[in-house]
Amino acid sequence: MRFPKLSRSLRQLSTHVLAIALGVLLTVSTLQVLPSQAEPAPTGTAVDTSNLIAQRQSPASAAIGSTSFVTAAVNRVGSAVVRIDTERTITRRVDPFLEDPFFRRFFGEGFSQQVPSEQLRGLGSGFIIDKSGLVLTNAHVVDKADKVTVRLKDGRTFEGKVQGIDEVTDLAVVKINAGNDLPVAPLGSSSNVQVGDWAIAVGNPLGFDNTVTLGIISTLKRSSAQVGISDKRLDFIQTDAAINPGNSGGPLLNGQGEVIGINTAIRPDAMGIGFAIPIDKAKAIAAQLQRDGKVAHPYLGVQMLTLTPDLAKQNNTDPNSPIQIPEINGVFVMRVVPNSPAASAGIRRGDVILQVDGKAITSAEQLQNVVEDSRLGQILQVKVQRGNQTQQLSVRTAELQNAS
């Protein structure tokens, strides 16, 4: 009885062994037909691994690992960036005591005539925009300077003549006589700039010549009122590229080495934030400065504040508030300049400007831009709310004589 069972077990074992052998045979034949992916490439066959490497490398590591685009951008414009040194002589106020007749008799007439003076020196940057020697910079770099010296990157120095200054936009044009073969900075367009784009600042911060800093565009259309300079009419490009005193007037570049802005160091308390004048605005102003030596800016003559319903409500609920304000959106007139176009048209303190030429006005920056874009002598139809009534007033713009 045991032999049949044993023979049956041997048959089952032989069947299993045969199945395993067939499986191994099939596997070996498959490996011969389909090579392993880990098998090295055939000898003599060129394999392009650049795409594989590029795919494995993240965009951030690629930008940080390769500085070629920064180097190329700086090389493209670097020779056109200049250093501007200024000198200005100021006379101190004479003590009234020195003008006293008794003092003059006692010490002599010559003593009181010795008026003390002081030499002030300034430093800034600029860049050449024309082969004839036109240099664009900030107005505050060369304003009221008695002497302007322009130094090129190759070491040559020239006396600069200020052709025009516009304090409202903080721009100036300086002319140097250095022949007609000067390097020129390529000008781009600030209208194409986007938040997050590369930003390269070139200039002479703190007197360190030919300094380059790298960052990105932080935001666009940062108004001068938001920056804290109400006497300017600008929408700045904001960047985190380091901009320090001495950078003023130097170029802000994009990744292709084109000038997209003019660096302006205007906030001494700024930490990691810089501002630049858009190059499109600078082009228009520079052309007028070169032609006329100045730029005429229209104005209304009001000190204003952006009004919102919440802001008006806060004022109206204050028992000490001297005036009740309509709880609407508009521009609140805080003050009217005497003998200004606004005063002549009948605009009063406490009015809320709602519209200009039928267009709704909701912020002080918007109103300022509308006036800036108007023509000198143009009549603007201004709708205001005064108390519970609305009025339509005609305001004829006039030329702004003093930026302050």
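That block above? That's the structure.
Residues numbered from 1 in each chain as written. Predicted model: local features only at pLDDT ≥ 70, side-chain atom pairs only at ≥ 80, totals over all residues. Heavy atoms only, no water.

Some remarks on the overall build of the protein
Right, so step 1: Looking only at helices and strands, one finds 12 helices and 20 strands in the protein.
Right, so step 2: By residue count, 37% of the 404 residues in the protein fall in the buried class.
Right, so step 3: Restricting the contact set of the protein to residue pairs at least 6 apart, pairs at least 24 apart contribute 64%.
Right, so step 4: As presented, the protein carries roughly 23700 Å² of accessible surface, and 53% of it is formed by carbon and sulfur atoms. (Helix = DSSP H or I, 4+ residues; strand = E, 2+ residues; numbered from the N terminus. Buried < 20%, exposed > 50% of the residue type's maximum accessible area, 1.4 Å probe, protein only. Contact = heavy atoms within 4.5 Å. Areas by Shrake-Rupley, 256 points an atom, 1.4 Å probe, with all protein chains shown as cover.)

So, the side chain of Thr137
Right, so step 1: Here Thr137 is to be found in strand β3 (residues 134-137).
Right, so step 2: One polar contact links the side chain of Thr137 to the main-chain carbonyl oxygen of Ser125, over a distance of 2.7 Å.
Right, so step 3: Not counting residues within four places of it along the chain, the set of residues in contact with Thr137 comprises Ile84, Ser125, Gly126, Val142, Asp170, Leu171, Ala172, Val174, Ser248 and Gly249. (Polar contact = N/O pair within 3.5 Å; in protein donor to acceptor, adjacent residues only side chain to side chain.)

A few points about helix α4 (residues 68-77)
Right, so step 1: Every buried residue of α4 is listed here: Val70, Ala73, Val74 and Val77. For α4, the buried positions fall inside an angular range of 95° around the axis, keeping them on one side.
Right, so step 2: Buried positions along α4 lie against β1 (81-91), β7 (198-203), β8 (211-223), β10 (251-253) and β11 (259-264). (Arc of directions from axis to C-beta.)

A few points about the pattern of salt bridges
Side chains that carry opposite charge are capable of pairing whenever their charged atoms lie near each other.
Right, so step 1: Under the counting rule described, the total for this entry stands at 10 salt bridges.
Right, so step 2: One salt bridge in this structure joins Glu399 and Lys294, with 3.8 Å as the shortest N-O distance. Remark: Lys294 occurs in the loop between α9 (279-292) and β13 (298-299) and Glu399 occurs in strand β20 (residues 398-399); sequence separation between them is 105 residues.
Right, so step 3: Taking the relative accessible area as the measure of exposure, Lys294 reaches 49% and is therefore partly exposed.
Right, so step 4: Salt bridges sharing common partners tie together Arg83, Asp85 and Asp209. (Salt bridge = Lys/Arg side-chain N within 4 Å of Asp/Glu carboxyl O.)

Section: a nonpolar patch on the surface
Right, so step 1: Together, Trp198, Leu214 and Ile216 make up an exposed nonpolar region whose accessible area comes to about 250 Å².
Right, so step 2: By the element assignment, Ile216 lies in strand β8. (Patch = residues over 30% accessible without salt bridge, like charges linked within 9 Å, V, L, I, M, F, W, Y side chains within 5 Å.)

Here we look at the side chain of Arg233
Right, so step 1: Relative to the helices and strands, Arg233 is located in the loop between α8 (224-227) and β9 (235-239).
Right, so step 2: Engagement of the side chain of Arg233 in a polar contact is seen with the backbone oxygen of Pro298, the distance being 2.5 Å.
Right, so step 3: Here the side chain of Arg233 touches Glu372 through a polar contact of 2.7 Å, side chain to side chain.
Right, so step 4: Here Arg233 is in contact with Val168, Thr169, Ser224, Lys281, His297, Pro298, Tyr299, Gln368, Glu372 and Leu400, once residues within four sequence places are set aside.

Considerations on the pairing of strand β15 (residues 330-336)
Right, so step 1: Taken across its 7 residues, β15 has 5 buried, putting it largely inside the fold.
Right, so step 2: Across 6 bridges, the pairing between strand β14 (residues 302-307) and β15 is antiparallel. Within the sheet, the bridge partner assigned to Val302 lies in β15 and is Val336.
Right, so step 3: With 2 bridges joining them, β15 and strand β16 (residues 352-356) adopt antiparallel strand pairing. In the sheet register, Phe332 faces β16, and the bridge partner there is Val352. (Pairing = 2+ DSSP bridges.)

A look at the sheet that holds strand β2 (residues 117-130)
Right, so step 1: Taken in spatial order, the 6 strands of this closed barrel run β1-β2-β3-β6-β5-β4, and their pairing is antiparallel. Across the sheet, the mean angle from the axis of one strand to that of its neighbour is 40°, orientation sign disregarded. (Axes fitted to C-alpha atoms, helices over the stretch in contact; angles between N-to-C directions.)

Remarks on the sheet that holds β11
Right, so step 1: Taking strand neighbours around the barrel as the criterion, the 6 strands line up as β7-β8-β9-β12-β11-β10 in a closed arrangement whose pairing is antiparallel. The sheet shows a mean angle of 45° between the axes of neighbouring strands, taken without regard to direction.
Right, so step 2: Pairing between β11 and strand β12 (residues 274-278): 4 bridges, direction antiparallel. Among the inter-strand pairings, Ile262 is bridged to a residue of β12, identified as Ile277.
Right, so step 3: Sitting on the sheet, α4 is in contact with β7, β8, β10 and β11, with an inclination near 45° to β7.

Things to note about unusual backbone geometry
Right, so step 1: The backbone of Asn210 shows a phi angle near 55°, a positive value even though the residue is not glycine.
Right, so step 2: For Asp357, which is not a glycine, the phi torsion comes out positive at approximately 55°.

Points about the nonpolar core
Right, so step 1: With 45 residues, the main nonpolar core has Ile84 and Val150 as its most contacted residues.
Right, so step 2: Among the elements that line this core, the one with the most residues is α9, at 5 residues.
Right, so step 3: Discounting chain neighbours no more than four positions away, the residues touching Val150 are Val82, Arg83, Ile84, Arg156, Thr157, Phe158, Gly160, Val174 and Ile176.
Right, so step 4: In terms of nonpolar packing, the next biggest core, distinct from the first, is built from 18 residues, Val333, Val336, Ile353 and Leu393 among them. (Core = buried A, V, L, I, M, F, W, Y, C linked by side-chain atoms within 4.5 Å.)

That's the geometry; what it means functionally is another story.
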